[in-house]
Amino acid sequence: MSNVKVRFAPSPTGYLHVGGARTALHNYLYAKRKGGKFILRVEDTDQERSTEEALQMQLQDLKWLGLTWDEGPQVGGDFGPYKQSERLSIYKKYADEILTKGKAYYCFLTDEEIDKQREDAMKAGRPPQVQSPYRDWSTEKALTEIKSGKRAVVRFKVPKEATEYGFTDLVRGDVKFPSDMVGDFVLLRSDGMPVYNFCCVIDDHLMKITHVLRAEEHLSNTLRQMMIYEALGWETPQFAHLSIILGPDKQKLSKRHGATSCHEYMEKGFLPEALNNFIALLGWSSPKGQEIMSMKELIEQFDLDRMTSSPAVFDETKLLWVNETHLRALPNADLWMRVKPFLDKHNVNYSGDSDWQSKSLDAFKPAMRTLLDGVTLFSLLDDESFAVYEESREALNWTKSESVILAWSDLVKASGKEYLSALEFEAIQNQVKEKCQVKGKELFMPIRVSVIGKPHGTELKLLVPLLKVDSLVKRASKTIRAAKEKQFKPSPVAEAEKH
RNA sequence: GUUCCCAUCGUCUAGUGGCCUAGGACACCUCCCUUUCACGGAGGAUACAGGGGUUCAAAUCCCCUUGGGAACGCCA
């Protein structure tokens, strides 16, 4: 019904960056909202940096986010191939067309000559543009040079007389460029490989792209691209330039800011729906002012009229909040499926019983911000990783602590059960209270230390039923021993601070 | 340097000339809940970069300044 067709066109030079993911997401949302198509095109004309491995990684990240494409690699489509490196003959054809029209020329300038020109221009306060002496050579003359072995690039002939190129950007409004802002730019490299601005135009046109939503850094490329559209007599698509994403220091988000790839966020235990939700909000806001949204809601509410043109800082703290909110809203069975791979990866043992899993999740959910947090939490229930931590030292030094733990252990053992219920736990706790004549934290802290090795954490009545009785007893005796020998494991936090 | 883009709480943002003594969210602080830690609940502090216009009226329109960013590649 709708003829809206958008594309995400990454270059496979590494992992999928969160900035790229945001561009992909906004394109996807727009397509879905308008009932149009979202296509994926691989811009791999930079042979030096593009790799098949990086491409596979990016495709995987896109799938992880649920941003599936209607046309592109792996799914095909009527306008393929979708890898630019496989479309070389197409680009060649249109380069010839522009050449024939006299709107481009072969240029034999060497890198050194260009560098020198740029340097001189900068010194003289002129924009660093190429001035090619080959601009007015005839194609025939150039071709004979090429036949004799000389290498040449194809340069676009930017009109000498300065005019103004303007278009209406869907997020920025009217934008105008003076044509002399750019010098003659390259269309085809000397090895015949086309360059970004050129293939971008050819492909967007041939693939019938109606709206180009891309990052702001491409804004000034639009001028060159408009010139190419003009030279070919084609109509330009609609452009929308998305504001860039900044790091906390307000500089363009890059690796030195820490995690910047989707893959890293996946490994850190973030949910794809949370990353999507958070990223969607960078440069866009819900008309309802809603903050937490499912993919379905994002699609329903997304449109270009609510895009911001100012850059946005990527705030990991807020991402964490978005993540924990999505995470806690997940049904236990679903959450378990997501936590499990993390537990397996970190060799955390757990019960196969789904009731146990669900109860554990109920107990830990309030403390879980990421799936990775599940690893720390669930290892508390794993006998193999039980240890008494440094932070328990104080509680174990209290005069009655040892007797409390001993009494606790005896009563637990005497229960004869496999697992204690919450009620049974409370009954035992009360008996310990009477027997040792302690209350408050002097009562429950030593008990908690003997259960998880730490004085703080999840409510005991939730925790205790998750551990087998004989495990509780063993843990208690280990705790007593640790207290006597003053052997404590450094707390993870303190450890981290050392580094 | 040149051109272009941008400018509301620390951060993401609402706001399209009167509804703004500027709203929401994250973070922060206080209190409540709680025999701990979290969760949760209730409050609080914090912003229209500066200067000129236009207008009865400006966060909103115009200009300048300042600040930030991007582009100026045989990268994308």
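From a predicted model like this one, the values you see are computed outputs, not experimental measurements.

(A) Looking closely at the packing of helix H16 (residues 401-414) against helix H18 (residues 441-452). Where H16 contacts H18, the axes come no closer than 9 Å and their chain directions differ by 65°. Seen from above, H16 lies across H18 with right-handed handedness. Residues Ser401, Val404, Ile405 and Trp408 of H16 form the contact with H18, whose own contacting residues are Glu442, Leu443, Pro446, Ile447, Ser450 and Val451. When its residues are assigned to classes, the contact of H16 with H18 shows seven nonpolar, two polar and one charged.

(B) View of the pattern of salt bridges. Taken as a whole and judged by the stated rule, the model has 34 salt bridges. The closest approach of N and O atoms between Lys34 and Asp303, which form a salt bridge, is 3.2 Å. Placement of the pair is Lys34 in helix H1 (residues 18-34) and Asp303 in the loop between helix H10 (295-301) and strand E11 (312-313), with a sequence separation of 269 residues. Between Glu418 and Lys468 there is a salt bridge, and its shortest N-O distance comes to 3.9 Å. With a gap of 50 residues between them, Glu418 in the loop between H16 and helix H17 (422-436) and Lys468 in the loop between helix H19 (460-463) and helix H20 (469-485) connect regions that are remote in the sequence. Residue classification places Lys468 among the partly exposed positions, given a relative accessible area of 36%.

(C) Quick look at H16. In this model H16 runs 20 Å from its N-terminal to its C-terminal C-alpha over 14 residues, within 8% of the 20 Å that 1.5 Å per residue would give. For H16, the set of buried residues is Ser401, Val404, Ile405, Ala407, Trp408, Ser409, Leu411 and Val412. Those residues of H16 that are buried lie in contact with helix H15 (393-397), H17, H18 and H20. Looking one or two residues past H16, Gly416 carries a phi angle of roughly 70°, positive in sign.

(D) Examining the confidence of the model for chain A more closely. On average, residues of chain A carry a pLDDT of 91, and 98% of them reach 70 or more. Of all helices and strands in chain A, the one with the weakest mean pLDDT is helix H21 (residues 492-498) (48), whereas helix H12 (residues 332-345) scores best (97). Confidence drops under pLDDT 50 across residues 494-499; counting only partners more than four residues distant or on other chains, this segment forms one contact. Here the predicted complex scores 0.92 on pTM and 0.93 on ipTM.

Analysis parameters
Residues numbered from 1 in each chain as written. Chains lettered and ligands numbered in written order. Predicted model: local features only at pLDDT ≥ 70, side-chain atom pairs only at ≥ 80, totals over all residues. Heavy atoms only, no water. Axes fitted to C-alpha atoms, helices over the stretch in contact; angles between N-to-C directions. Helix = DSSP H or I, 4+ residues; strand = E, 2+ residues; numbered from the N terminus. Left-handed = near helix turned anticlockwise from the far one by under 90°. Contact = heavy atoms within 4.5 Å. Nonpolar A, V, L, I, M, F, W, Y, C, P; charged D, E, K, R; others polar. Salt bridge = Lys/Arg side-chain N within 4 Å of Asp/Glu carboxyl O. Buried < 20%, exposed > 50% of the residue type's maximum accessible area, 1.4 Å probe, protein only. Expected span 1.5 Å × (residues − 1). pLDDT = per-residue confidence, 0-100.

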